[in-house]
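Inside the fold
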Amino acid sequence: MKYIILIIAFLVFSCGKKEDVLLPKSNVTIEKDVEDLSPIYIFFKTEGKDTITEVNRKSSIISTNWIFNIDKRLPLKLVIPEVIKLQEKKRADSAHKNENAQNYYSYADSIGKNLAFVPFTKVFYKIEKPNRENFVVYFRKGKKQVLMGGREIKISEILQHFYSIKFKRVPDMVFLFDKNMSYEEYIQNKILLQKYVTYNLDKLPVEFIF
């Protein structure tokens, strides 16, 4: 029932505004059981030759789980600044804060034929380049492998490669995403990270967009 409610709310809003959001797709579900939710929409728009975003969070309630429905065509350089603003607003509202309320990105599971979700509540984004003290895992636009210390590595082998290096002092591992990467490519990378990497870490690394 909770999925039906979400889908109906999405369609009614879209039809009323003559707008829609093209969700990213994947062939795996990370999470699908999310209740007590508020939808947030970030639309793909154009003004002349420029791509812009349009955000609608009228239905969002601070104390609920926020579902970010973001158009897959948008580049990260436009998406993440909007996400940061919304994250900061939720984190700063102590009067209505619910420690159990989470933030999720939505996407479509093309195999299971259902809405699915990637959690990102603990992620702190930075719109800049990481400093040299960090060990950077670099996700490049259009590339299946990441760069780690100048080497190309499969996402499934990130932890194995990191722990194989004999550091004098173990650095913090952070993720760097190409700002021109599409939101869909970002979500597909996030799904692989959730599967192979971040579930094994005590805390989620900071994510840099540059």
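For the structure, check the block above.
Each residue is numbered by its place in its chain's sequence as written, counting from 1. Only residues with pLDDT of 70 or above have their local features reported here, since the model is predicted, and side-chain atom pairs are shown and tallied only from 80 upward, although totals for entire chains, interfaces and linings are computed over all residues. Values reported for side chains reflect all heavy atoms of the structure, with hydrogen atoms and water molecules removed beforehand.

**Focus: the overall build of the protein**
Note on conventions: DSSP H or I runs of at least 4 residues are helices, E runs of at least 2 residues are strands, and numbering of each starts at the N terminus. The helix and strand inventory of the protein stands at 4 helices and 12 strands. Residue burial in the protein is summarised as follows: out of 210 residues, 43% are buried. Contacts were defined at the residue level, with two residues in contact if any of their heavy atoms lie within 4.5 Å. In the protein, once contacts between residues fewer than 6 apart in sequence are set aside, the share between residues at least 24 apart is 71%. For the protein, the computed accessible surface area is about 12100 Å², with 51% contributed by carbon and sulfur atoms. Exposure categories follow from relative accessible area, calculated using a 1.4 Å probe and restricted to protein chains: below 20% of the type maximum is buried, above 50% is exposed, and the middle band is partly exposed. Every accessible area reported is derived by Shrake-Rupley at a probe size of 1.4 Å, with residue values counting cover from the shown protein chains alone.

**Some thoughts on the pattern of salt bridges**
Whenever a carboxyl oxygen of Asp or Glu lies within 4 Å of a side-chain nitrogen of Lys or Arg, that contact is scored as a salt bridge. This structure, assessed with the given rule, holds 5 salt bridges. Close ionic contact of Glu 54 with Lys 45 constitutes a salt bridge, the shortest N to O distance being 3.9 Å. Taking relative accessible area as the criterion, Lys 45 reaches 23% and is therefore assigned partly exposed. Residues Glu 152 and Arg 140 are paired through a salt bridge, measuring 3.1 Å at the closest nitrogen-oxygen approach. Of the two residues, Glu 152 is situated in strand E10 (residues 151-153) and Arg 140 in the loop between strand E8 (135-139) and strand E9 (146-148); the sequence distance between them amounts to 12 residues. A residue is classified by how much of its surface remains accessible, and Glu 152, at 45% relative accessible area, is partly exposed.

**Description of helix H2 (residues 76-92)**
Across its 17 residues, H2 extends 24 Å between first and last C-alpha, which sits within 8% of the 24 Å expected from 1.5 Å per residue. Those residues of H2 that fall on the buried side of the exposure criterion are Leu 76, Val 79, Ile 80, Glu 82, Val 83, Ile 84, Leu 86, Gln 87 and Lys 90. Residue count minus one, scaled by 1.5 Å, sets the expected span of a helix.

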